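Read off the chains here:
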Amino acid sequence: MTDDFIPFARPDITEAEIDAVADTMRNGWLTTGPNAAAFEQEFIDFLTDGAGGIHAVAVNSATSGLHLAYEALGIGPGDEVLVPTWTFTSTAEAVRYLGADPVFVDSDPETLCLDLDDAARRVTERTKLIAPVHYSGLSVPNQALADFASAHHLKVVEDAAHALPTLNEGKLIGTHGHDATVYSFYATKTMATGEGGMVVTPHEDIAKRMRTMRLHGINRDVFDRYTSRKPSWHYDVVAPGYKYNLTDTAAAMGRVQLHRLPEMTARRAAIAARYDEAFADLPLQLPAQPAADSSHAWHLYPVRLTEDATVDRDEFVARMVEERVGTSVHFIPLHLQPYWRDTYQLAPEMYPVASAEFARIVSLPVFSSMSDQEVDHVITAVRAVLS
Ligand SMILES: *Cc1c(COP(=O)(O)O)cnc(C)c1O
């Protein structure tokens, strides 16, 4: 076992997911249908503990979900959206889809979530929305976020691609009443459908617009059309929409993954706790811990090499490969990416925290299907490289 290469991430798929997908194939309903509808309802039940009060829209990726949410909230040409530089390009690219401009914000040095003080300095008359990323499974403190948005009259779309499930000041992310919260079920995320995502919102009109735009700007989805009491060949195209609906095969897998999410979350937390203990004496800055009334989803376990380390980040990554462990870097800040850098004339000095932290950060494997032996292997490898 310890001779095997440990990948950075590996989906946690059991026979239950395989059976659920096979069932959809046998049932003959492959595209958005009964499983997608059930998945949306179960997602609401999961987040609200059955209380409801939010709407869920299943989509084929978080990127699609961000696009739908920004669109439904009226973002368009001339508008500015505050986006952390410390994120995946999706959070910003979906702003560009609508002809609006992302304005990048530097990071909090502890959590690497966006720094609201820095965001305040970058607000202009054109700023319409803030899209915080709850990085790694930690959260942007909710009250501070809500106060910031209300002070500057901004809409809020939370990029919760890492934060399923994360408690933020006593409530699960997705239930604080922000305009929209977007989740990813990409293969490496805390629950996976291969490709997939979900948007939740407390606003019925926003949910309705996203449902319409998710499927070509048609005002009823295919499933409703064929199964409502008055079957009808008629449909109305009310806008030039997109093709962002989630397949029933993916939704079937998602329903099983959602059911298993508490168990998978506990496993990731246990792995993180073992790492915290095993690495305490090494030249590493370990991940920030969540605030007292908040939790950590442990989508990522990022460590930062300190000045005492005898290797730099790139050498660490290379040495870990020799030790047969895959790692990754989250993230290459967007202000360093050619497109964003050149389009908005961004320089490293404009983002001092993110630029400095990027040089020394690396993410270690933390996925729920890791065996104890694999966790030991990673610990031994990190200790060998850093001792
Ligand atoms: C993975 C990720 C996304 C994109 O998710 P997809 O489902 O692949 O579109 C967006 N934002 C962040 C922060 C991510 O990590």
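These numbers were taken from a predicted model, which means no experiment stands behind them.

## A closer look at the site of the ligand
So, step 1. In the region of the ligand, 16 residues are neighbours, and Thr63, Asp159, His162, Ser184 and Lys189 sit closest.
So, step 2. Contact between the ligand and His162: an oxygen atom at 2.7 Å from a side-chain N or O atom of the residue.
So, step 3. Spatially, the ligand is embedded in the largest pocket.
So, step 4. Every element with two or more residues in the shell around the ligand is listed here: helix H3 (62-72) and helix H4 (90-97).
So, step 5. A breakdown of the residues in the shell around the ligand according to their chemical character gives 6 nonpolar, 8 polar and 2 charged.

## What to know about the nonpolar core
So, step 1. Tyr70, Ile130 and Val157 are the most contacted members of the largest nonpolar core, which totals 58 residues.
So, step 2. Composition of this core by domain shows at least three residues from each of domain 1 (15-259) and domain 2 (262-386).
So, step 3. Among all residues touching Val157, those that are not within four sequence positions of it are Leu66, Ala69, Tyr70, Leu73, Leu129, Ile130, Ala131, Pro132, Ala180 and Val182.
So, step 4. Phe279, Trp298, Ala309 and Leu386 belong to the second-largest nonpolar core, a separate cluster that totals 29 residues.

## Focus: the sheet that holds strand E1 (residues 55-59)
So, step 1. One open sheet accounts for 7 strands, arranged E1-E9-E8-E5-E4-E2-E3; its pairing is mixed. Each having just a single partner strand, E1 and strand E3 (101-105) make up the two edges of the open sheet. Strand after strand, the sheet turns through a mean of 25° between neighbouring axes, direction not considered.
So, step 2. As paired elements, E1 and strand E9 (residues 197-201) share 5 bridges and run antiparallel to each other. Each bridged residue has a counterpart across the sheet, and for Val57 the counterpart in E9 is Val199.

## Overview of the domain arrangement of the chain
So, step 1. For the chain, the assigned domains are domain 1 (15-259) and domain 2 (262-386).
So, step 2. Using only C-alpha atoms to locate each centre, domain 1 and domain 2 end up separated by 26 Å.
So, step 3. Taken together, the 44 residues of domain 1 in the interface contact 36 residues of domain 2.
So, step 4. For the pair domain 1 and domain 2, the summed buried surface comes to about 3100 Å²; carbon and sulfur atoms form 61% of the total.
So, step 5. Of all residues in domain 1, Thr85, Trp86 and Phe104 give up the largest surface area on contact with domain 2, accounting jointly for 20% of the area buried on that side.
So, step 6. Linking domain 1 with domain 2 are 0 salt bridges, by the criterion used here.

## A short note on the pattern of salt bridges
So, step 1. A complete count under the given rule lists 23 salt bridges for this structure.
So, step 2. With a shortest N-O distance of 3.7 Å, Asp23 and Arg26 are connected by a salt bridge. Residue Asp23 and its partner Arg26 are both found in helix H1 (residues 15-27); the two are separated by 3 residues, about one turn of the helix.
So, step 3. We classify Asp23 as partly exposed; its relative accessible area is 40%.
So, step 4. A relative accessible area of 65% places Arg26 in the exposed class.
So, step 5. Ionic pairing is found between Asp118 and Arg121, a salt bridge with its closest N-O pair at 3.4 Å. Placement of both Asp118 and Arg121 in helix H5 (residues 116-121) is noted, with a separation of 3 residues, approximately one turn of the helix.

Rules and cut-offs
Residues numbered from 1 in each chain as written. Predicted model: local features only at pLDDT ≥ 70, side-chain atom pairs only at ≥ 80, totals over all residues. Heavy atoms only, no water. Near = heavy atom within 4 Å. Polar contact = N/O pair within 3.5 Å; in protein donor to acceptor, adjacent residues only side chain to side chain. 1 Å grid on protein atoms, 1.4 Å probe; cavity = no way out; pocket = protein on both sides within 12 Å on 5 of 7 lines; lining within 4 Å. Sits in = over half its atoms within 2 Å of the grid points. Helix = DSSP H or I, 4+ residues; strand = E, 2+ residues; numbered from the N terminus. Nonpolar A, V, L, I, M, F, W, Y, C, P; charged D, E, K, R; others polar. Core = buried A, V, L, I, M, F, W, Y, C linked by side-chain atoms within 4.5 Å. Buried < 20%, exposed > 50% of the residue type's maximum accessible area, 1.4 Å probe, protein only. Domains from an automatic or database assignment. Contact = heavy atoms within 4.5 Å. Pairing = 2+ DSSP bridges. Axes fitted to C-alpha atoms, helices over the stretch in contact; angles between N-to-C directions. Buried area = accessible area lost by both parts, 1.4 Å probe. Salt bridge = Lys/Arg side-chain N within 4 Å of Asp/Glu carboxyl O.

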